[in-house]
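The lines below spell out each chain.
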Amino acid sequence: MPLTMLDRRTLIAAGAATGLIPAAARAERARHQSFEIWPTHPPGPPRSPVTEQEAPRSPAGPADDTAFLHVTRPTLTYLAPVRPNGAALLLIPGGGYQRVAIGHGGRALLEHFADQGYAAYLLKYRLPGDGWAAGPDAPLQDAQRALRHIRARAASAGHAPERIGAMGFSAGGHLAAMLASRAGATYAPVDAIDRQPLGIKVSALLYPVVLMTGAHVHRPSREELLGPSPDPARAERYSPAAAVSPRTPPTFLAHALDDRVVPAENGLAMLSALRSAGVPTEAYLPEIGGHGFGLQDRARAPLPWPGLFAAFAARHGLA
């Protein structure tokens with residue numbers, strides 16, 4: 001059986017105490033691969049040079065709980081499954097479009113889904129407030145390019161090219177939703193990888209940023225994406241709910257009703273749009289959970305959403 005996350009942490013802690021890293025932990029570290037997604041520079045340089053930075057998410061957090069600011073080198077981090085299920089999953093972290101909060105939680109999710117059999121990928125993407133020529137489409141360019149990379153790698157990674165899902169968190173949920181519903185490419189082809197088609201099998205949106213207008217908008221994300229006072233037509237163009245159509249893939253939603261960062265009305269608006277378009281959908285809407293929940297609650301008890309997603313994904317042909 002593959003090691004659980006708790007098993008891994010126990011082994012690594014034991015290794016640190018004895019001065020030895022167990023073979024299983026060493027093998028797992030060797031499974032990680034990171035690579036840049038563009039052959040040279042991303043398309044459309046920013047108006048002014050920016051310098052990529054990696055910084056702790058909080059002074060008291062774990063050493064590996066970091067976020068990236070002013071991203072200039074978008075990357076995918078890949079973790080191979082021990083027992084492949086024939087599918088791949090692109091994970092898109094959040095950060096309010098001010099940073100990319102890959103950190104401790106993102107890596108835990110990467111490990112979890114690799115343990116479940118997915119060829120698991122974690123995306124570091126550019127931020128729209130850094131003045132890239134593509135403006136609010138810069139993160140979507142990276143997500144589309146990442147998806148094409150994953151499809152091009154299908155044979156070597158051991159999954160079917162049509163069985164690719166995307167899972168986004170907070171502002172990453174906004175990006176995953178746009179990736180799922182915006183059919184056209186947002187950049188000109190740069191190499192053979194861009195011959196790969198777009199489109200995903202299943203999407204999952206966890207506490208996603210959706211609304212671009214109204215009382216429940218997440219203002220930091222909208223301001224980074226569109227500026228402080230976007231005109232209504234521009235705001236509509238970048239609302240994932242407005243982009244939903246019958247071609248949108250089956251979508252799993254999770255949003256805590258007590259979320260005080262991105263109000264649950266965002267997830268509910270997406271749920272309503274999906275249902276109106278006849279898109280298969282399922283929603284996990286716990287009373288308590290706040291924003292940014294991961295695999296466990298505050299008492300370290302497993303949360304139900306990963307199992308619910310697994311059943312939904314299987315039902316719709318992803319895994």
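Residues numbered from 1 in each chain as written. Predicted model: local features only at pLDDT ≥ 70, side-chain atom pairs only at ≥ 80, totals over all residues. Heavy atoms only, no water.

Draft legend 1. Expanded view of the packing of helix 4 (residues 138-152) against helix 6 (residues 171-181). Packing of helix 4 against helix 6 leaves a shortest axis separation of 10 Å and a crossing angle of 60°. Of the two possible hands of crossing, helix 4 and helix 6 adopt the one that is right-handed. Every residue of helix 6 that contacts helix 4 at P139, L140, A143, Q144 and L147 is listed here: L175, M178 and L179. Tallied by class, residues from the contact of helix 4 with helix 6 come to seven nonpolar, one polar and no charged. (Axes fitted to C-alpha atoms, helices over the stretch in contact; angles between N-to-C directions. Helix = DSSP H or I, 4+ residues; strand = E, 2+ residues; numbered from the N terminus. Left-handed = near helix turned anticlockwise from the far one by under 90°. Contact = heavy atoms within 4.5 Å. Nonpolar A, V, L, I, M, F, W, Y, C, P; charged D, E, K, R; others polar.)

Draft legend 2. How the structure looks around helix 7 (residues 219-226). S221, R222, L225 and L226 are the residues of helix 7 that are buried. Within helix 7, the buried residues cover an arc of 95° as seen down the axis, which keeps them to one side. At its buried positions, helix 7 is contacted by helix 6 and helix 8 (232-237). Trailing helix 7 by a residue or two, G227 shows a phi angle of about 90°, which is positive. (Buried < 20%, exposed > 50% of the residue type's maximum accessible area, 1.4 Å probe, protein only. Arc of directions from axis to C-beta.)

Draft legend 3. Just the pattern of salt bridges, in detail. Tallied over the full model, the rule gives eight salt bridges. Here E52 makes a salt bridge to K124, at a shortest N to O gap of 2.6 Å. Of the two residues, E52 sits in the loop between strand 1 (32-36) and strand 2 (53-56) while K124 sits in strand 6 (residues 119-124), which places them 72 residues apart along the sequence. Here E52 falls in the partly exposed class, since its relative accessible area comes to 23%. Exposure remark for K124: the relative accessible area of 7% places this residue in the buried category. (Salt bridge = Lys/Arg side-chain N within 4 Å of Asp/Glu carboxyl O.)

Draft legend 4. Highlighting the nonpolar core. Grouped together as the largest cluster of nonpolar side chains are 82 residues, with contacts concentrated most on Y121, M167, W305 and F309. Of all the elements, helix 6 adds the most residues to this core, at seven residues. Leave out the neighbours within four places in its chain, and W305 touches L109, F113, M167, F169, L206, F252, Y284, F293, G294 and L295. (Core = buried A, V, L, I, M, F, W, Y, C linked by side-chain atoms within 4.5 Å.)

In short, shape yes, function no, at least from these values alone.
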